[in-house]
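Understanding the architecture of this molecule
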Amino acid sequence: MEDAEMPPPPPPLPDDALAAILRQLPPRALAECRRVCKAWRAVVDARGLLLQHALPHAVRGIFLTYIDYRRPRFLARPSSEPPRIDGNLTFLPDYRQLRHSHGSILDHCNGLLLLGFCGVFYVVNPATRRWERLPPRMGLLDYVAYLVFDPAVSPHYEVFLIPRVPEKPRAIDPREIPPKTYDVSRLFSSFDDTLVMEDAEEEDELNIEELMQPPPPSSIEEGFFPTKRLPLSLRWKMGEPHDTYGLMEWPPSPCTLHVFSSSTRQWEERSFVRDGEAVGTVKDVRLDSVRSGPWYGPRWRYGVYWQGTLYVHCRGAFVMRLSLKNGKYQVFKTPIDIEESKHGQTHLGRSKNGVYFTALHDYIQLCVWNLDESHGQVEWVLKHHVDLGPYVSHPATHLYYRDRVDGLWILEDDHNDKYDNKMLPKDSSEWDSDEDNILNGEGINAVEEYYAGIDNILGFHPYKEIVFLNQSFTAIAYHLHNSKVQYLGKLHPNDYQTHSAGLYESFPYTPCMIGELGETSQETDPDCRQSMLFANS
């Protein structure tokens, strides 16, 4: 009996009909369907069905780096909603070393962290628990690193090294010169001791002449700085050192930067040509202090990646605007000058309408500007000016009140039972910034015997006009649109005991489920497996 003929396969669903069906699936099932065949993958990607689930869209916490503390910490609102964010970064292979090496988070961009410790850079995704170790790079202390990542455009990331301003060389005190060592074998092999000493002096003179040659151009492989440094003994003989870079325009043009690209897996040079005038000379820029604000606070200044452009807040009270599309850059002043910035704190960040700049004076006067580039001109528009004095003297921010009442946000720790026991329902994973612990400025009864200002600007909410602030190790959120203040939680770790207590850098964190990171943890919990499914989709 002949085999019955198989019926022809049904015609494929139209793409629009297939997309309508797939759109109803939960995120994990949708990611699995994307791997069925090329046609389904094309439908999912062309309509961005996964992006609404995988792209950053919510603030899940704030990463913090402390003064004289061994590692970063993560302040978060506990949630049972996946993915479970590993704020301790325990999935890193060098985690035990990180805990004791004073590692720092250098930057954050759309769900990826740039971590540095022991002279090594890591790019880390705490949501997917994936990571990459960057190839080694010499002279990292001469640069500030910034991370660039836009998962809506590409799964690849880049790391830009922006050179620090060359410092003025200082004269050397003879007491700083280490004792001179002699080659004993040469001494005993010569019949004329005087000749040995004279040869050594002539060699020193030749070294001085060789090392005092004009510096190489700024576009050399090593960057803006000379590769040869004079020994202390020779610098003392020269007397007052010559300021090689003092009169050089800053930033130079072309400006050659070192960039690591995850697509090529290597460091490369990339030149940017300045569009417009320089901000001044190196000598002018040095009038600004190395750090923005008092002795505590950020050790370097923040950058913002927004719509294909990297904005870097630079020493000298200016912003460097690097267009990654056309290889050009501009420089423009911040809303406050160098003298004003000496008496307060400043912060460059990203929020609802792009690039924002905040200045905090006298610990309570907060000003916020938004960068307007709509008409081909760069202009800072003042959005908000408020006296925070009434808010920071509110009873809810009082020391004794905070010791008795916990906020909804908690510092994640290795053995924090409070964090695990305070999980919120799945439908409460997104921070409801309109309801949490509101302290309204109206009708405030200040605590007369207690008054303190804002210590740090922690950053901006990237999707709402909210500024995160630190007041006496208390995290608060200030809403620009309605002047409401929220008490979030305590920032002081239980094991943080030091006379120099304070914060360095801080980064509001928005988890992202996609990105090209090669290494992954070996954990097998469901949240981790779901995270890796997104990352590999």
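For the structure given in this document, a descriptive report is provided here. Remember, it's a predicted structure, so these values are computed and weren't measured experimentally. (Residues numbered from 1 in each chain as written. Predicted model: local features only at pLDDT ≥ 70, side-chain atom pairs only at ≥ 80, totals over all residues. Heavy atoms only, no water.)

1. Remarks on the sheet that holds strand 7 (residues 143-149)
Which entries qualify depends on this criterion: Here, a strand pair is defined by DSSP locating no fewer than two bridges between the strands. Helix numbering and strand numbering both begin at the N terminus, where a helix is a DSSP run of H or I of at least 4 residues and a strand a DSSP run of E of at least 2. Lines fitted to C-alpha atoms define the axes, with helix axes restricted to the stretch in contact, and inter-axis angles between N-to-C directions lie between 0 and 180 degrees.
A sheet is described by the order of its strands in space; here eight strands give the open sequence 7-8-10-11-16-15-14-13, paired in mixed fashion. Of all strands in the sheet, those bounded by a partner on one side alone are strand 7 and strand 13 (303-306). Across this sheet, the average inter-strand angle for adjacent strands is 30°, counted without regard to direction.

2. A look at unusual backbone geometry
In plain terms, the rule: Throughout, exposure labels follow a simple rule: accessible area from a 1.4 Å probe, protein chains only, divided by the maximum for the residue type, with under 20% read as buried, over 50% as exposed, and the rest as partly exposed.
Looking along the chain, the bond that leaves Trp 250 and enters Pro 251 is cis, with omega of -5°. Relative to the elements of secondary structure, Pro 251 occurs in the loop between strand 9 (249-250) and strand 10 (255-261). Unusually for a residue other than glycine, Leu 89 sits at a positive phi of about 60°. Here Leu 89 is to be found in the loop between strand 2 (73-76) and helix 5 (95-99). The class for Leu 89 is buried, based on a relative accessible area of 2%. In this model, Ala 317 sits at a positive phi of 60°, which is unusual for a non-glycine residue.

3. Structural notes on the pairing of strand 23 (residues 456-460)
Within a regular strand, side chains alternate between the sheet's two faces. For strand 23, a buried count of five out of five residues is recorded, marking the element as mostly surrounded by other parts of the structure. One ladder, built from four bridges, connects strand 23 with strand 24 (residues 466-470); its direction is antiparallel. Across the sheet, Phe 460 pairs through a bridge with Val 467, a residue of strand 24. Between the end of strand 23 and the start of strand 24, which pair antiparallel, lie five residues.

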